[in-house]
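# Chains, contacts and geometry: an overview
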Amino acid sequence: MTNYKVVEIFSSINGEGTRAGQLAVFVRMQGCNLNCTYCDTKWANEADAKFHWTSTEEILELLRSMEIKNVTITGGEPLLQEEIGELLEAMAKEENLRVEIETNGSVPLQPFAEIPNGPSFTMDYKLPGSGMEKYMLPENFAVLRAQDTVKFVVKDYEDLCRARDVIREYDLTEKCHVYLSPVYGQIELENIVNFMKDNRLNDVNMQLQMHKIIWDSEMRGV
Ligand SMILES: C[S@@+](CC[C@H](N)C(=O)[O-])C[C@H]1O[C@@H](n2cnc3c(N)ncnc32)[C@H](O)[C@@H]1O
Ligand SMILES: Nc1nc2[nH]cc(C(=O)O)c2c(=O)[nH]1
Ligand code: SF4
Ligand SMILES: [Mg+2]
C-alpha cells in the first residue's frame, strides 16, 4: 500500500487560479526541495513537520465522503512524494473529481502529463526575489496544455520584469493560463496593474490570494 506524507487536508474555497471562488479540497504534502524567501508554508516543509502517512485509498475515501469536485494537491512540493504518480492515476479514475497540482517548477512534469484524464498543473516559475530561479526547468513549459497555469509570484519590480520576459520568451499566453500573484504584503498592488498596462500584458491575470483576505493571512487550514 502506498502512503504519502500528508500534513493537512481541508475544504475551503479555492483562493487562487482558474477555479478561484469555487469549493475545493486541499491535500497538503510534507517537504520541499526549495526554500523560497517568502514561503508561507515553511512549517510544512521542515523535515520534522508533523504528518500522517496516508494511503491512496484513505485519501480517495475522504474525498468521496466530502462530495467536493475540485481537489488541489499542494505542499511543500507534492511531486516529491514517492509514487505520487499512483495517487494521480487513482484520482484520474474517479468520475467526480477535478484535480489540480501545485508545483514549484523544479520537478519534470512530463511523466505526469501522460496520465489519462490526469491533473492540471499550476506551475510556479520562481523569480529572482524567491532566490530559487536557478532551479527552474524551462523544458516544463513545453509540457503545458490549455488547462494548465504558469504562476509568477512577484515581490518587486525586478520580479515583474523577469516575469514579463519569461512570458514573452516562451509565448506562455498562447499555451496556457498565466497569473501574476503578489508576495503577500510585500508589493504595492497598484504597481502590478500599472506594470501590466505599461507592458501591454494582454491575457495575463493578476490575482490576489482570497483566503488571505477572508481569514487571517497566517491561518492554517483555510
Ligand atoms: C506553498 S506553495 C506549494 C506548492 C509548490 N511548492 C509551489 O511553490 O508552487 C503554493 C503556492 O503558494 C505561493 N506562495 C508561497 N508563499 C507565498 C506568499 N508569501 N505570498 C504569495 N504566494 C505565496 C507559492 O509561490 C505557490 O504558488
Ligand atoms: N483557500 C485556499 N486556497 C488556496 N489556493 C492555493 C492555496 C495554497 O496554499 O497554495 C490555497 C490555500 O491554502 N487556501
Ligand atoms: S517551492 Fe513552494 S513550498 Fe517550497 S519553499 Fe517555495 S513556495 Fe514554499
Ligand atoms: Mg498557501
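Residues numbered from 1 in each chain as written. Chains lettered and ligands numbered in written order. Predicted model: local features only at pLDDT ≥ 70, side-chain atom pairs only at ≥ 80, totals over all residues. Heavy atoms only, no water.

To keep it simple, the criterion reads: UniProt positions are given in the numbering used here, feature names are shortened, and annotations may be inferred rather than shown by experiment.
As recorded by an unreviewed UniProt entry, the protein carries the name 7-carboxy-7-deazaguanine synthase and is attributed to Eubacterium ramulus ATCC 29099. A UniProt comment under Function (unreviewed entry) is attached to the protein, and it reads "Catalyzes the complex heterocyclic radical-mediated conversion of 6-carboxy-5,6,7,8-tetrahydropterin (CPH4) to 7-carboxy-7-deazaguanine (CDG), a step common to the biosynthetic pathways of all 7-deazapurine-containing compounds."

## Topic: the packing of helix H5 (residues 157-169) against helix H7 (residues 189-198)
Keep this limit in mind: Here, axes are lines fitted to C-alpha atoms. For helices the fit covers the stretch in contact, and angles between N-to-C directions go from 0 to 180 degrees. Labels follow the DSSP assignment, with helices taken as runs of H or I lasting at least four residues and strands as runs of E lasting at least two, numbered in each case from the N terminus. Here is the rule for handedness: rotate from the far helix to the near one, and if that takes an anticlockwise turn smaller than a right angle the crossing is left-handed, while a clockwise turn gives right-handed. Any two residues whose heavy atoms approach within 4.5 Å are treated as being in contact. Throughout this entry, Asp, Glu, Lys and Arg are counted as charged residues, while Ala, Val, Leu, Ile, Met, Phe, Trp, Tyr, Cys and Pro are counted as nonpolar. The remaining residues, Gly among them, count as polar.
Two numbers describe how H5 lies on H7: the axes approach to 11 Å, and their chain directions differ by 35°. Of the two elements, H5 crosses H7, and the hand of that crossing is right-handed. Residues Tyr157, Leu160, Cys161 and Arg164 of H5 form the contact with H7, whose participating residues are Asn191, Ile192 and Phe195. Residue composition of the contact of H5 with H7, grouped by class: five nonpolar, one polar and one charged.

## What to know about the site of ligand 1
Test applied: Only a single heavy atom is needed: when it lies within 4 Å of a molecule or strand, its residue is near that molecule or strand. Any pair of N or O atoms that falls within 3.5 Å is considered a polar contact. Within protein, one atom must be able to donate a hydrogen and the other to accept it, and sequence-neighbouring residues count only if both atoms are side-chain atoms. Residue-level accessible areas treat just the shown protein chains as cover; the underlying method is Shrake-Rupley with a 1.4 Å probe.
What surrounds ligand 1 is a group of 20 residues, the closest being Tyr38, Gly76, Asp124, Lys126 and Lys151. Between ligand 1 and Lys151 there is a distance of 2.7 Å, counted from an oxygen atom to a side-chain nitrogen or oxygen. Between ligand 1 and Tyr184 there is a distance of 3.0 Å, counted from a nitrogen atom to a backbone nitrogen or oxygen. In the complex, the protein chains occlude 94% of the 530 Å² of accessible area that ligand 1 would expose alone. Of all the secondary structure elements, the ones that give two or more residues to the shell around ligand 1 are strand E5 (98-103) and strand E7 (149-154).

## Things to note about the site of ligand 2
The immediate surroundings of ligand 2 are formed by Ser12, Ile13, Asn14, Gly15, Glu16, Phe26, Arg28, Thr74, Glu102, His211 and Val222. A distance of 2.9 Å separates a nitrogen atom of ligand 2 from a polar backbone atom of Gly15. One nitrogen or oxygen atom from the side chain of His211 is found 3.4 Å from a nitrogen atom belonging to ligand 2. When isolated, ligand 2 has an accessible area of 320 Å², and the protein chains bury 92% of it. Contributions of two or more residues to the shell around ligand 2 are made by strand E1 (3-13) and strand E2 (23-29). For the shell around ligand 2, the class distribution of residues is three nonpolar, five polar and three charged.

## Describing the packing of aromatic side chains
As a reminder of what qualifies: Between rings of Phe, Tyr and Trp, where Trp is taken as its six-membered ring, a pair exists when centres lie within 6.5 Å; planes separated by under 30 degrees are stacked, by over 60 edge-to-face, and by other angles tilted. Accessibility here uses a 1.4 Å probe with only protein chains present; expressed as a share of the type maximum, an area under 20% marks a residue as buried, one over 50% as exposed, and anything in between as partly exposed. Our definition puts a charge over a ring when NZ of Lys or CZ of Arg is within 6 Å of the ring centre and also within 35 degrees of the ring normal.
Summed over the entire model, instances satisfying the criterion amount to six aromatic pairs. Consider the rings of Phe141 and Tyr170, whose centres lie 4.6 Å apart with planes at 45°: the pair is tilted. With a gap of 29 residues between them, Phe141 in the loop between strand E6 (120-124) and E7 and Tyr170 in the loop between H5 and helix H6 (172-175) connect regions that are remote in the sequence. Its relative accessible area of 2% is what places Phe141 among the buried residues. You can call Tyr170 partly exposed: its relative accessible area is 24%. Members of the aromatic cluster, connected to one another through ring pairs, are Tyr125, Phe141, Phe152 and Tyr170. Of note, Arg220 hangs over the ring of Trp43, and the distance from its end group to the ring centre comes to 4.0 Å.

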